[in-house]
Amino acid sequence: MAEEIIIVEGNNTLAGEVAVSGAKNSALKLIAAALLGQGPSVIRNVPLISDIEIMSEVLRRLGATVERDGHVLTVDTAEVDNSETPYELVSKMRASISVLGPLIGRFGRARVAMPGGCQIGARKIDMHLVGLEALGVEFSIDHGFLEARTPHGLAGAHVVLDFPSVGATENLLMAAVAAEGRTVLENAACEPEIVDLANMLVAMGARVSGAGTSLVEVEGVPLSELRPCDHTTVGDRIEAGTFLVGGALTGGPVTVRGIDPSFLRVALMKLSAMGCEVQTGPDWITVGRERPLAPTDIQTLPHPGFPTDLQAQFMLLAACAEGVSVITENVFENRFMFASELMRMGADITIEDHHALVRGVGMLQGADVSSTDLRAGAALVLAGIAAEGQTRVHEIGHIDRGYEDYAGKLASLGANVRRASAEDASAAR
Ligand code: EPZ
């Protein structure tokens, strides 16, 4: 298919209400967890994004059937034979590694292609492996594939994570639910998506407590006690935060519906500190701004700290603020590529190791820019809405991985954005 781009006309504002889709970073793992149900699980509020299609294909290659009806997936894993998770799918989406834990939980073995790195970092899995080895898993590498075996069975253990890795916590959780005995995960990740996964596992018959805190306890149950379930995915806090930044950037007010505001506490605190009015309800958040955008300092941290997945969006805000902001990226080793694209639009940013010094400028200028990862891509479209003139965002496949109908949702808030094939757009210049 010809390359598509997003064309944005600037000098615009975003205002109105948009419904948030289900969380990409939860739904992907809920689909993997369905392997433990050994039958047809129903997963609701699943976003229509390409990463979900890839994970669905991973499950099909393992022998599951995955049927979609709008935002509802039925994942029947009764016939899964645990053949192998192929390289071409794992290389497309690193989150495929999330089948490792449930495959080991169900079969005691797995063969998964080793994930590569990506734009934002090496994306290692050492903590996944060390934790699973503590549960009795033995690993070997066979021509780029990770072979997992449990010669003496899967037994609960006390695991202390070096770093509260989201993926490692999830894989350990999904293996531990079927291990013999108790598992304690110390320094576990606390993201809302972990809580969502734990809730689904409990609905399947697992015994998990403490999810959402750094100390999670699991009492293993026999596999025969785990059964399919019907689960609704939580709202996507990063999608919500992205639209709220659009409201903060252009004045808004923008309301996002279908999100628990407690998922975004620190990000909302930062928006208030930058001069925005923030209002919240049980499942909605509104952000507007009448005062000038003030600078702020940001440290990305594991939840409940400031989310790294909103770092690019807030760098954009800082680039338009009246003053100097310092943004420190503590989670990924290479997540400032967005800055170089934003500088092509006139931003004034200096990168020193994992710090970005952002000097606010009055107005950005529209330009041709390229998405370096999905959050940077989403932020570039927002930049185009506020900038002077036209912006054309390339490599928008990154955006389609994690945002359902991004251009359509922005247009419903008043943006002048449209998708076009790159050659049509260049011909029209
Ligand atoms: C999840 O990635 C999310 N992806 C990321 O969202 C998110 O940025 C990240 O968590 C942090 O919140 C999905 O859920 C699919 P980590 P994950 O394991 O699980 C290092 C987006 O934009 N590390 O918490 O890979 C790792 O390299 C994406 O939606 C190890 O060194 O994140 C990284 O620097 C981007 N060894 C840091 O820890 C390990 O074994 C955090 O990784 C595991 C991780």
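Below or above, wherever it landed, is the structure these notes cover. (Residues numbered from 1 in each chain as written. Predicted model: local features only at pLDDT ≥ 70, side-chain atom pairs only at ≥ 80, totals over all residues. Heavy atoms only, no water.)

1. Observations concerning the side chain of R289
As a reminder of what qualifies: Each helix is a run of DSSP H or I of at least 4 residues and each strand a run of E of at least 2, with the numbering of both proceeding from the N terminus. The classification of residues rests on relative accessible area computed with a 1.4 Å probe and restricted to protein chains. Under 20% of the type maximum is buried, over 50% is exposed, and intermediate values are partly exposed. The convention is simple: Lys and Arg are positive, Asp and Glu are negative, and His and the chain ends are not counted. Put simply, a salt bridge is a Lys or Arg side-chain nitrogen that is within 4 Å of an Asp or Glu carboxyl oxygen. A 3.5 Å cut-off defines polar contacts: any pair of N or O atoms within that distance qualifies, except that in protein one atom must be a possible hydrogen donor and the other a possible acceptor, and neighbouring residues in sequence count only when both atoms are side-chain atoms. It only takes one pair of heavy atoms within 4.5 Å for two residues to be counted as in contact.
Looking at where R289 falls in the secondary structure, it is placed in the loop between β16 (284–288) and β17 (298–300). Buried charged residue R289 carries no salt bridge. Nearest counter-charge: E322, at 7.4 Å. Reaching out from R289, the side chain makes a polar contact with the backbone oxygen of L249 at a distance of 2.9 Å. Contact partners of R289, with chain neighbours within four places excluded, come to A248, L249, T250, G251, M274, G275, C276 and E277.

2. Details of the site of the ligand
Selection criterion: In this text, near means that some heavy atom of the residue lies within 4 Å of the molecule or strand in question. Note on areas: Shrake-Rupley, 1.4 Å probe, and residue coverage restricted to the protein chains presented here. Gly is placed with the polar residues, together with every amino acid not listed as nonpolar (Ala, Val, Leu, Ile, Met, Phe, Trp, Tyr, Cys and Pro) or charged (Asp, Glu, Lys and Arg).
Inspection of the region around the ligand gives 24 residues, with D126, M127, S165, D309 and V331 positioned closest. Residue M127 places a main-chain N or O atom 2.7 Å away from an oxygen atom belonging to the ligand. Here an oxygen atom of the ligand and a backbone polar atom of G167 are 2.9 Å apart. Protein chains bury 90% of the 830 Å² of accessible surface belonging to the ligand in isolation. Of all elements in the fold, only α1 (24–33), α5 (126–134), α6 (166–176) and α12 (374–386) reach the threshold of two or more residues within the shell around the ligand. A breakdown of the residues in the shell around the ligand according to their chemical character gives nine nonpolar, five polar and 10 charged.

3. Re the sheet that holds strand β13 (residues 230–232)
This is how it is decided: At least two bridges found by DSSP between two strands are what make those strands a pair. All axes here are fitted lines through C-alpha atoms, helices being fitted over the stretch that makes contact, and every angle between N-to-C directions spans 0 to 180 degrees.
Spatially, β4-β5-β3-β13 is the arrangement adopted by the four strands of the open sheet, whose pairing is mixed. Two strands bound the open sheet, and with one partner strand each, they are β4 (65–69) and β13. On average, each strand axis in the sheet is tilted by 15° relative to the strand beside it, whichever way the strands run. As defined by bridge partners, β4 adjoins strand β5 (residues 72–76) across five bridges and the pair is classed as antiparallel. When the bridges of β5 are listed, R68 appears paired with L73. Contacts from helix α2 (residues 50–61) reach β4 and β5 within the one sheet, and its direction differs from that of β4 by about 150°.

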